[in-house]
Structure formats: C-alpha cells, structure tokens
Amino acid sequence: MKKTMLSFAVVLSAVVSAFAVTPLPEALAKLPVVKGSKKIAKELKPGVTYHQVHFENFTGDGPLAAYFLVIDWTKVDKDFTLAVVPGKDGNRSRPSDLANETKGAFAAVNGVFHQMTDPYVAFYARKIDGVASKSKHEGGDGCLAFNRGEMPYIGRFTKEAFAKYANVISADGMPGYNPKEATMTPAERQKRRAPRTNAGNISSNKVTVIVVADGRQKRSTGLSYSEARKLLEMWGCDQMTNLDGGGSSVMAVKASVGAKPTMTNGKFKIMNVPSDGLPIKSIERRVSESLMLID
C-alpha cells in the first residue's frame, strides 16, 4: 500500500511539474520551426519559464530565433524580484558579468546601451532603486518601471511613472505598426530589422514576457518594430516596450535549459547569438545596465 501511494505521489509530482511550465500561446505554438530544431521550455524558478524557439519564417522573409523569459506573478515566490543593475564603476559591463556578481540572480537581459554621460544622448531617463539619472529630455518613448517584488509597468514613458516607481529603464523606441511594410520589398523590410530586446505584460493574467530576438544573421532575420509588436501580441501582451536592440541584445540564464549555449561566463550561459562581433565571432556587448531576475 505504501509503495502504491509513493508511486502515485511521484506521478502526481511529475504531472504538477509538467503543468508548472508556462506554455507557448497557441498562436505561436502552431507556427512551424526550423527543420532539426526543437522548442525548448524550462521552468527556471516557480512561476518563471524559459522558452527558446527557432521559427521557420516568422517575418515572412526568413527564420527568427527567439528567446523568452515568462513571469507569472501569481506563481512566483515572495522573494522573487526584478532588478536594474548598473555597469560597474559607472562604466558599461557585460550582463553576464553583472549577473555573476549579483546575489540571487538567475537570468538577465540587456538594458540600454547608452550612458547618461554620453554627449549625444537626449532620449533617456533612468532610476535605480530610487536614485534617478535624467537626460535633458527626461525619457524616451517607452519604459519598463517597477518597485521591487511587483509586476512592472510597461508602456509609454511618463513623468508620473518616473515619480511613482523606484526602478525605470527608458528607451527611444516603442513597438508599433507600420502599414507601409506590407508593400516593401524583402530587402527594404530587412533594412528595418535588427536584433531586439522587448518586454510586454499580459495584464489580465498578471504575466510579463521578456523577449530577445536574434538578427543580422542568415539564421535569424531580426525584427522591425511592427514585427516586435506582432510577436508580443501573439503572446497576448496588451502593454509593451522596446528596451534596446542591435548588438546589445543578449539573454543569459544560470540553469541548463536543454539547449547548447552560445558561450558561458562563470555560472551564466548566453543562450542567444549576439550580433556584436559578427560575422567573425559573436561577443557579448557591454551595456549601461542590465535587467535581472532575482530569487
């Protein structure tokens, strides 16, 4: 009897574990993937899932390699929080370096490349644990803002949001539709694409989706702002923003997720293929700050 009960408990535990992983939404799950690749889904922590998918033809002009961190705020434990971690000593740093040195960090993506001291920057505002750094224009088009341990605000940058939240990353772009893209040639559309790091909220479900998409490579076209919006909307996001892109886009995770990393730095694995350094060798770019997932 005890053996039977133990077996049942093991089976039940396996079933519960299987359902703990936030699934890809149907709109994305049904899209074909590149031949020979597999969809990766891994629970990193309670309520936090990592996904990796190499879509066969997401943009209509070629494949797209996409990497997702999905946070279900109804399931994360009480210690879970987002954090903005600045580069060391006021300089730019690699996200994986910062993650290795941040207690409790288990995943990280790039924040914004530019520093507030850059003379040509006029579009950004930052706030890290209550300490504000403002540019003369006091913010870009979009932002991700939060108080530690809470679901973030994701959307248009406002002075009200900057005042309300202890942590703010603002950027100069927002995912938006450009109807002219439909009439462009593939080459014209490709000029609008780049690697992207975006974030969105599914507000009704209390879920946050952070996505890194590779670009400027034959294996992955990258995304225009219109396509970044489409990707987040297929997740079900109704709030979204652009964090940064280009060679800055990177996703690092601490756990083994069932896919070979591009490179390893300490305890962290770089899962995407940063475009910086290509076509010679992919490297992780140093950025002004990183967005961390901490438990």
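See above for the structure.
Residues numbered from 1 in each chain as written. Predicted model: local features only at pLDDT ≥ 70, side-chain atom pairs only at ≥ 80, totals over all residues. Heavy atoms only, no water.

Trainee: Would you mind going over the overall build of the protein in detail, with residue names and values included?
Mentor: Looking only at helices and strands, the protein features 6 helices and 17 strands. In terms of overall dimensions, the protein has a C-alpha envelope of 75 × 45 × 40 Å along the principal axes. Across the 295 residues in the protein, those meeting the buried criterion constitute 53%. For the protein, the exposed area adds up to about 13,900 Å²; of that, 55% sits on carbon and sulfur atoms. Charge separation in the protein, taken as the distance between the mean sites of 41 positive and 28 negative side-chain charges, equals 5 Å. (Helix = DSSP H or I, 4+ residues; strand = E, 2+ residues; numbered from the N terminus. Buried < 20%, exposed > 50% of the residue type's maximum accessible area, 1.4 Å probe, protein only. Areas by Shrake-Rupley, 256 points an atom, 1.4 Å probe, with all protein chains shown as cover. Lys, Arg positive; Asp, Glu negative; His and termini not counted. Charge placed at Lys NZ, Arg CZ, Asp CG, Glu CD.)

Trainee: Residues and numbers for the pairing of strand β12 (residues 207-213), please.
Mentor: Burial runs high along β12: 7 of the 7 residues are buried. Along β12, one buried face is formed by V207, V209, V211 and A213 and the opposite face, lined by T208, I210 and V212, is buried too. Examined bridge by bridge, strand β3 (residues 64-72) and β12 share 7 bridges and lie antiparallel to one another. Its bridge partner being in β12, I71 is matched across the sheet by T208. Bridge analysis of strand β11 (residues 196-202) against β12 gives 7 bridges, and the strand direction is antiparallel. (Pairing = 2+ DSSP bridges.)

Trainee: Just give me the short version of the nonpolar core, but keep the residues and values in it.
Mentor: L44, Y50, L69, I71, F80, L291 and L293 are the most contacted members of the largest nonpolar core, which totals 33 residues. Judged by nonpolar contacts, the second largest core, of 22 residues, contains F55, L64, A213 and L223. (Core = buried A, V, L, I, M, F, W, Y, C linked by side-chain atoms within 4.5 Å.)

Trainee: Summarise the layout of surface pockets; cite the residues concerned and give the values.
Mentor: Quantified by volume, the largest pocket comes out at close to 260 Å³. For the largest pocket, the lining is made up of 14 residues, of which P86, M116, I128, S133 and S288 are closest to its centre. Put simply, the parts of the chain that give the lining of the largest pocket at least two residues each are β6 (125-128) and β7 (131-134). The biggest single contributor to the lining of the largest pocket is β6, with 3 residues. What lines the second largest pocket is a set of 14 residues, among which T59, E181, R189, S226 and E227 lie closest to the centre. Counting residues per element, the lining of the second largest pocket draws most heavily on helix α6 (residues 225-235), at 3 residues. When its residues are assigned to classes, the lining of the second largest pocket shows 4 nonpolar, 4 polar and 6 charged. (1 Å grid on protein atoms, 1.4 Å probe; cavity = no way out; pocket = protein on both sides within 12 Å on 5 of 7 lines; lining within 4 Å. Points joined across faces, edges and corners; volume = space filled by probe spheres on them. Nonpolar A, V, L, I, M, F, W, Y, C, P; charged D, E, K, R; others polar.)

Trainee: So what about the pattern of salt bridges? Which residues, and what values?
Mentor: Across all of its chains, the model carries 13 salt bridges by this definition. In this structure, K78 engages D79 in a salt bridge whose closest nitrogen and oxygen atoms are separated by 3.4 Å. According to the relative accessible area criterion, K78 is exposed, its value standing at 77%. Taking relative accessible area as the criterion, D79 reaches 47% and is therefore assigned partly exposed. Here R192 ties to E181 by a salt bridge, and the two come within 3.2 Å at their closest N and O atoms. Of the two residues, R192 sits in the loop between α5 (186-190) and β11 while E181 sits in the loop between β10 (167-171) and α5, which places them 11 residues apart along the sequence. Given the relative accessible area of 7%, E181 is considered buried. Taken together, the shared-partner salt bridges connect D61, R189, R193 and E227 into one network. (Salt bridge = Lys/Arg side-chain N within 4 Å of Asp/Glu carboxyl O.)

Trainee: So what's going on with the environment of T241? Residues and values would help.
Mentor: Tracing the backbone through its elements, the reader meets T241 in strand β13 (residues 239-245). On the basis of relative accessible area, T241 is assigned to the buried category, the value being 0%. As a C-alpha pair, T241 and L144 span 97 residues in sequence and 7.1 Å in three-dimensional space.

Trainee: Can you lay out the side chain of E227 for me, pointing to particular residues and giving the numbers?
Mentor: Looking at the element boundaries, E227 is found in helix α6. A polar atom in the side chain of E227 sits 2.9 Å from the backbone nitrogen of S224. In this structure E227 touches F58, T59, E181, R193 and G222, once residues within four positions along its chain are discounted. (Polar contact = N/O pair within 3.5 Å; in protein donor to acceptor, adjacent residues only side chain to side chain. Contact = heavy atoms within 4.5 Å.)

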